[in-house]
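# Observations on the model geometry
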Amino acid sequence: DAAIHVENVTKIYEGDVRALDNVNLTVPRGTIFGLLGPNGAGKSTLINILAGLVNKTAGSASVWGFDIDRDPRNAKASIGIVNQEITFDPFFTPAETLDIQAGLYGVPRNAKRTMELLKAVRLEDKADAYARTLSGGMKRRLMVAKAMVHSPPVLILDEPTAGVDIDLRRQLWDYVRELHAGGVTVILTTHYLEEAEELCDRIAIINHGKLIADKPTRELVNMA
Ligand code: ADP
Ligand code: ADP
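Model, not experiment: these values are computed from the prediction. Here the residue index of a chain counts from 1 through its sequence in written order. Note on labels: chains are lettered from A, ligands numbered from 1, in written order. Given that this is a predicted model, residues contribute local features only at a pLDDT of at least 70 and side-chain atom pairs are listed and counted only at 80 or more, while totals for whole chains, interfaces and linings are drawn from all residues. The basis for every side-chain value is the complete set of non-hydrogen atoms in the structure, without hydrogens or water.

### Let's talk about helix α3 (residues 94–105)
The terminal C-alpha atoms of α3, which comprises 12 residues, lie 17 Å apart, in line with the 16 Å expected from a rise of 1.5 Å per residue. Check the buried side of α3 and you find it contacts α4 (111–120) and α5 (136–147). One or two residues past the end of α3 sits Gly106, with phi positive at roughly 65°. To qualify as a helix, a DSSP run of H or I must reach at least 4 residues; to qualify as a strand, a run of E must reach at least 2; elements of each kind are numbered from the N terminus. A helix is expected to span 1.5 Å for every residue after the first. The contact criterion used throughout is that any non-hydrogen atoms of two residues lie within 4.5 Å.

What follows is the structure, encoded as structure tokens:
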């Protein structure tokens, strides 16, 4: 089975905006997969459909073999998603943030596991600080830890390095590689070709809602 399988997916938003037009895509397990395209191409729409946050207009999709319509709970349990927006309460600490997330996913709260997650994103020193006092990079890392609380086999990162400086970008890249080495299939959206080239085994290009390429990185870069 694939990590992600998308078949003939179309999304038309209100106002006749065709954000996705008959997209077919397979993300093999064990890859770092890049979804590349300019602003407005449909990247967020596609990942929000996979995460169960946006309803598709037509087509079918599955996550880790679970159909998102027929088996939404298992599909959702198989995915962790990091959006661009920061979505934790600034008046809770990182440790509390992860405990709350565990509660939402029905994962037993466990102080040891919480510290492991924080260690993985190098926030163990900040476990008990108010989240509002974290730097921008720390906040992004906490978002990643939060997405990994239920140990999903697939992690999706929406524009993980948009607007971050080069040092933080490299830190996030290293962290993505560590997760991948630990067995997680990673999908990231980006509009930077260099970022996809640096990190990804395979790249799909989306433009105006249509998939226009889907190739191993080496092949794609040789074409450009
Ligand atoms: P991105 O490029 O990451 O998708 P956007 O600024 O385009 O960021 O979108 C931010 C949020 O606004 C997303 O959740 C998206 O679904 C929503 N959005 C984008 N365009 C529209 C629109 N035309 N009408 C309503 N919501 C929109
Ligand atoms: P990307 O993530 O590649 O920037 P999006 O998926 O955010 O692209 O957007 C694809 C298209 O759908 C854009 O034209 C955007 O304006 C539109 N769009 C996104 N979200 C909404 C929404 N909630 N309502 C209406 N149009 C939207």
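After that view, the rundown keeps rolling.
### Digging into the packing of aromatic side chains
Between rings of Phe, Tyr and Trp, where Trp is taken as its six-membered ring, a pair exists when centres lie within 6.5 Å; planes separated by under 30 degrees are stacked, by over 60 edge-to-face, and by other angles tilted. Evaluation of the coordinates by the stated rule reveals one aromatic pair. Seen from their ring centres, Phe91 and Tyr130 are 6.5 Å apart, and the 65° between their planes marks the pair as edge-to-face. With Phe91 in the loop between β6 (79–82) and α3 and Tyr130 in the loop between α4 and α5, this pair connects stretches of sequence that are 39 residues apart. Each residue is assigned to one of three classes by its accessible area relative to the maximum for its type, calculated with a 1.4 Å probe on protein chains only: buried under 20%, partly exposed between the two thresholds, exposed over 50%. Taking relative accessible area as the criterion, Phe91 reaches 53% and is therefore assigned exposed. On the accessibility criterion, Tyr130 (42% relative accessible area) is partly exposed. We call a charge positioned over a ring when the NZ of a Lys or the CZ of an Arg lies within 6 Å of the ring centre and within 35 degrees of the ring normal. The ring of Trp64 carries the charged tip of Arg29 above its face, separated from the ring centre by 3.7 Å. Its end group placed over the ring of Tyr192, Arg169 keeps NZ or CZ at 4.8 Å from the ring centre.

Read these as layout, nothing more, since geometry by itself doesn't imply function.
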